[in-house]
Amino acid sequence: LDTHAPEMQRTQVENLCLQVKAMGFQDIAETLGRAPDPPDKRTTDSAICTLVSLGALRADRSLTRLGHLLASLPLHPQLGKFLLYSRLFECTDAALTIAAALDVGRIFTFTGSQGVAERKRLELSGGLRSDHWVMVQAYRRWKRLAHQPEEQRKLADNLSLNHRSFESIDRVRDDL
């Protein structure tokens, strides 16, 4: 027996709203409201406001050029806009890793001595206290060990990072 709420009721719907507009539907809330288990109206309204503030939708709820671009990306529109800006600032590689890591989710594990792992992460980040930069640097090191899967696992364990998440980050980066 499935006790989970339907996906539309438990996840962010910004990308779904963009897809609805990209398919040519005029009223996002009405279209999603017709689903067997629609998202809460407040969730849909909040998603639409987010898309307007991102510049993906105009105030009249029509799709912008940016909205068309974001609808073509397989990730949350905020991460999509982040990636588009990364092209302008010529930092695409790092941005791809950050976007993929944020899309994948749980990267850091909390086992063993956190103090030791924190010191290693701080060293890895060059003294910057940025989880994002740690993800970029850790992924780069992990990727350099591509032909040494056991060494990849050791690196992840050593930094209290989830090895399977790195595999997922790699797949998401390839998709993007």
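Residues numbered from 1 in each chain as written. Predicted model: local features only at pLDDT ≥ 70, side-chain atom pairs only at ≥ 80, totals over all residues. Heavy atoms only, no water.

Caption draft 1: Broad picture of the nonpolar core. Among the nonpolar cores identified, the biggest contains 17 residues, and Ile107, Phe108, Ala138, Leu159, Leu161, Phe166 and Ile169 are the most heavily contacted of them. For this core, the secondary-structure elements that each account for two or more residues are helix H7 (92-104), helix H9 (131-144), helix H10 (149-158) and helix H11 (163-175). A total of five residues in this core trace back to one element, the largest contributor, which is H9. (Core = buried A, V, L, I, M, F, W, Y, C linked by side-chain atoms within 4.5 Å. Buried < 20%, exposed > 50% of the residue type's maximum accessible area, 1.4 Å probe, protein only. Helix = DSSP H or I, 4+ residues; strand = E, 2+ residues; numbered from the N terminus.)

Caption draft 2: Highlighting the pattern of salt bridges. Here the structure, examined in full by the defined rule, presents nine salt bridges. Here Glu30 and Arg34 are joined by a salt bridge, their closest N and O atoms 2.4 Å apart. On the accessibility criterion, Arg34 (63% relative accessible area) is exposed. Through salt bridges with shared partners, a single network forms among Asp93, Arg140 and Arg173. (Salt bridge = Lys/Arg side-chain N within 4 Å of Asp/Glu carboxyl O.)

Caption draft 3: Highlighting the packing of helix H4 (residues 41-54) against helix H6 (residues 77-88). Packing of H4 against H6 leaves a shortest axis separation of 10 Å and a crossing angle of 10 degrees. By the criterion of interaxial angle, the relationship of H4 to H6 is roughly parallel. Here Thr50, Leu51 and Leu54 of H4 come into contact with H6, specifically with Pro77, Gln78 and Lys81. The residue inventory of the contact of H4 with H6, partitioned by class, reads three nonpolar, two polar and one charged. (Axes fitted to C-alpha atoms, helices over the stretch in contact; angles between N-to-C directions. Parallel < 35°, antiparallel > 145°, perpendicular 65-115°, else oblique. Contact = heavy atoms within 4.5 Å. Nonpolar A, V, L, I, M, F, W, Y, C, P; charged D, E, K, R; others polar.)

Caption draft 4: Representation of the packing of aromatic side chains. According to the stated counting rule, one finds three aromatic pairs in the structure shown. Considering the side-chain rings of Trp142 and Phe166, the 5.6 Å spacing of their centres and the 20 degrees angle between planes classify their relative orientation as stacked. Placement of the pair is Trp142 in helix H9 and Phe166 in helix H11, with a sequence separation of 24 residues. Assigned by exposure class, Trp142 and Phe166 land together as buried. Pairwise contacts between aromatic rings join Tyr139, Trp142 and Phe166 into one cluster. (Phe/Tyr/Trp six-rings, centres within 6.5 Å; stacked < 30°, edge-to-face > 60°.)

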